[in-house]
Amino acid sequence: MTFGTPHPLHHLMLDDVRGARKMLAGVARTTAMEGSRHLSSLVGAPVLLKCENLQRTGSFKLRGAYVRIAGLRPEEKAAGVVAASAGNHAQGVALASRLLGVHATVFMPLGAPLPKVAATREYGAEVRLHGHVVDETLAAAQEYARETGAVFIHPFDHPDVIVGQGTVGLEILEQCPEVRTIVVGVGGGGLAAGIGLAVKSVRPDVRIIGVQAEGAAAYPPSLAAGHPVVVDAPVTMADGIKVGRPGDVPFGLVREYVDEVRTVSEDALSSALLLCLERAKLVVEPAGASPVAALLSDPESFRGPVVAVLSGGNVDPLLLQRILRHGMAAAGRYLGLRLRVTDRPGALATLLAVLTVADANVLDVSHVRTDPRLGLTEVEVELHLETEGPEHCREVEGALREAGYTVLG
């Protein structure tokens with residue numbers, strides 16, 4: 001395979017991925033493989049985490065972007081490259097371009113997280129903010145390419161990008177030769193296609209399972225139809241896999257090499273992110289936590305050893321704060337309650353004493369006195385509590401009712 005030129009799907013082979021790995025030597029890190037005792041106990045077999053969240057730029061995207069840009073002809077490199085992305089692809093293209101001495105223009109949507117915009121600029125790209133949704137940003141980048149001659153670098157729909165991402169699969173086989181199942185998040189499909197190509201070419205017995213968010217799951221209907229199908233208005237917190245249509249190039253490879261594509265809920269995604277942070281001490285974005293969400297959702301359905309690919313760790317701090325609170329609630333470790341008490345001195349202290357006995361940690365308390373539904377001597381108290389799990393939540397609510405409080409929700 002000669003990088004930088006179009007190739008039929010059937011010409012993509014293991015040697016192409018091996019060639020991409022040589023190209024990435026000294027550029028992309030061989031990321032760590034970490035064991036997870038908690039997930040291993042749930043699955044009943046060893047579970048290891050492939051930490052692409054610790055890759056340069058914080059995700060696997062550098063691999064494919066570098067291989068794609070490195071394969072351009074000299075005149076194409078001189079014209080520069082352009083990309084559209086809300087985060088990970090933007091940073092991958094920016095760093096790859098800087099390393100290769102190519103000018104990069106990256107279009108990002110208005111309202112993109114400021115840390116991601118700043119990181120993309122720091123890696124050397126010219127950032128242009130355009131559009132309120134990624135489709136508008138993508139259209140602007142493609143128009144820029146037509147006007148200037150810059151080469152558009154697609155995040156997943158190109159053979160060079162796919163073989164670059166496939167180098168993750170080669171590393172997995174070396175780091176865990178006995179692997180029987182690989183679980184990987186799926187958006188457009190570039191990473192799953194690359195891993196599937198690399199792994200199945202050597203170990204056809206290894207099961208490859210893709211994971212999509214329920215609100216952005218274009219692959220299951222596409223695979224059923226036999227061609228890419230559009231999912232209108234995909235909705236999920238996992239912006240890294242929030243793609244409304246599979247890529248044409250990865251779709252054929254996913255259909256050939258990926259054994260199954262599952263979906264996970266938003267609750268499972270937030271619980272998985274929380275688990276990665278607490279148990280593995282790893283900061284992972286929702287898309288990167290999707291394989292862990294699949295393991296949590298149906299742990300007994302996986303043959304071990306299992307490798308879960310944590311594809312990225314670029315999560316906005318404000319979003320992380322919301323997701324962690326959501327994850328705690330989904331795990332039964334965060335409880336929000338409203339109840340009415342008599343508006344008299346000492347009433348709050350009495351309430352807090354009940355919670356102390358119930359061993360609930362009070363995170364926040366607020367009072368409402370102006371609701372017309374309240375009586376003259378009543379006040380509504382809203383409580384946010386840290387709890388130990390679903391059973392403890394029920395015990396706390398029971399203790400409050402036993403003490404005479406009316407729990408509103």
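Definitions and limits used
Residues numbered from 1 in each chain as written. Predicted model: local features only at pLDDT ≥ 70, side-chain atom pairs only at ≥ 80, totals over all residues. Heavy atoms only, no water. Helix = DSSP H or I, 4+ residues; strand = E, 2+ residues; numbered from the N terminus. Buried < 20%, exposed > 50% of the residue type's maximum accessible area, 1.4 Å probe, protein only. Contact = heavy atoms within 4.5 Å. Pairing = 2+ DSSP bridges. Axes fitted to C-alpha atoms, helices over the stretch in contact; angles between N-to-C directions. Phe/Tyr/Trp six-rings, centres within 6.5 Å; stacked < 30°, edge-to-face > 60°. Lys NZ or Arg CZ within 6 Å of the ring centre and 35° of its normal. Polar contact = N/O pair within 3.5 Å; in protein donor to acceptor, adjacent residues only side chain to side chain. Salt bridge = Lys/Arg side-chain N within 4 Å of Asp/Glu carboxyl O. Expected span 1.5 Å × (residues − 1). Right-handed = clockwise from strand over helix to strand, strands pointing away.

(A) The arrangement of the environment of Val292 in detail. Relative to the assigned elements, Val292 resides in helix α13 (residues 286-297). Note on Val292: relative accessible area 0%, which makes it buried. Note: C-alpha distance between Val292 and Leu269 (23 residues apart in sequence) is 7.9 Å. Val292 has contacts with Leu39, Leu49, Ala272, Leu275, Cys276 and Leu310, leaving out every residue within four places of it along the chain.

(B) Structural view of the sheet that holds strand β6 (residues 151-152). Taking strand neighbours across the sheet as the criterion, the four strands line up as β5-β4-β3-β6 in an open arrangement whose pairing is parallel. Each of the sheet's edge strands pairs with one partner strand only, and the pair in question is β5 (126-129) and β6. Sheet analysis places strand β4 (residues 104-108) next to β5, joined by four bridges and oriented parallel. Looking at the pairing, Thr105 lines up with Glu126 of β5. Against the sheet, helix α5 (residues 88-100) touches β3 (81-84) and β4, its axis set at about 165 degrees to β3.

(C) Structural detail: the packing of aromatic side chains. Following the criterion strictly, the structure yields two aromatic pairs and no others. One cation-aromatic arrangement involves Arg262 over Phe302; the distance from NZ or CZ to the ring centre is 4.5 Å.

(D) Structural view of the side chain of Gln165. Here Gln165 shows up in helix α8 (residues 159-175). According to the relative accessible area criterion, Gln165 is buried, its value standing at 1%. Looking at Gln165, its side chain comes within polar contact range of the main-chain nitrogen of Gly64, at 2.9 Å. Among residues more than four places away in sequence, those in contact with Gln165 are Phe60, Lys61, Arg63, Gly64, Pro155, Gly190, Leu191 and Ile195.

(E) Region of interest: the side chain of Lys50. Looking at the secondary structure, you find Lys50 in strand β2 (residues 47-51). Lys50 sits in the buried class, given a relative accessible area of 0%. A polar atom in the side chain of Lys50 sits 2.6 Å from the side chain of Glu171. For Lys50, the contacting residues outside a window of four places in its chain are Thr30, Thr31, Ala32, Met33, Val168, Glu171, Ile172, Gln175, Val307, Ala308, Val309 and Leu310.

(F) Here's a closer look at the pattern of salt bridges. Per the counting criterion, the structure on display carries 17 salt bridges. Across the salt bridge formed by Arg63 and Glu52, the nearest N and O atoms sit 2.8 Å from each other. Of the two residues, Arg63 sits in helix α3 (residues 61-70) while Glu52 sits in the loop between β2 and α3, which places them eleven residues apart along the sequence. Comparing Arg63 with Glu52, the two get one shared label, buried. The partner of Arg63 in a salt bridge is Glu171, with the nearest N and O atoms 2.9 Å apart. On the criterion of sequence distance, the pair formed by Arg63 in helix α3 and Glu171 in helix α8 is long-range, its members being 108 residues apart. Judged by its relative accessible area of 3%, Glu171 falls in the buried class.

(G) Focus on helix α9 (residues 190-202). For α9, which comprises 13 residues, the first-to-last C-alpha distance of 19 Å matches the rise-based estimate of 18 Å (1.5 Å per residue) to within 8%. Burial runs high along α9: eleven of the 13 residues are buried. The set of residues buried in α9 consists of Gly190, Leu191, Ala192, Ala193, Gly194, Ile195, Gly196, Leu197, Ala198, Val199 and Lys200. Contacts from the buried residues of α9 go to α1 (14-24), α8, β7 (181-185), β8 (207-213), α11 (248-257) and β10 (306-310).

(H) Geometry of the sheet that holds strand β1 (residues 33-35). The strand order across the open sheet formed by six strands is β1-β2-β10-β7-β8-β9, and the pairing between neighbours is mixed. Looking at the sheet topology across the chains shown, the edges are occupied by β1 and β9 (260-264). Averaged over all neighbouring strand pairs, the angle between strand axes comes to 25 degrees, with direction disregarded. Against the sheet, α13 engages β2, β7, β8, β9 and β10, with an angle of about 140 degrees to β10.

(I) Molecular detail of the pairing of β8. Of all seven residues in β8, six are buried, a share of seventy percent or more. Pairing geometry for β7 and β8, over five bridges, is parallel. By the bridge assignment for β8, Ile182 is matched with Ile208. The parallel pair β7 and β8 is bridged by α9, and the resulting crossover is right-handed. Alignment of β8 against β9, held across five bridges, turns out to be parallel. Each residue of the ladder has a partner; that of Ala213, found in β9, is Val264.

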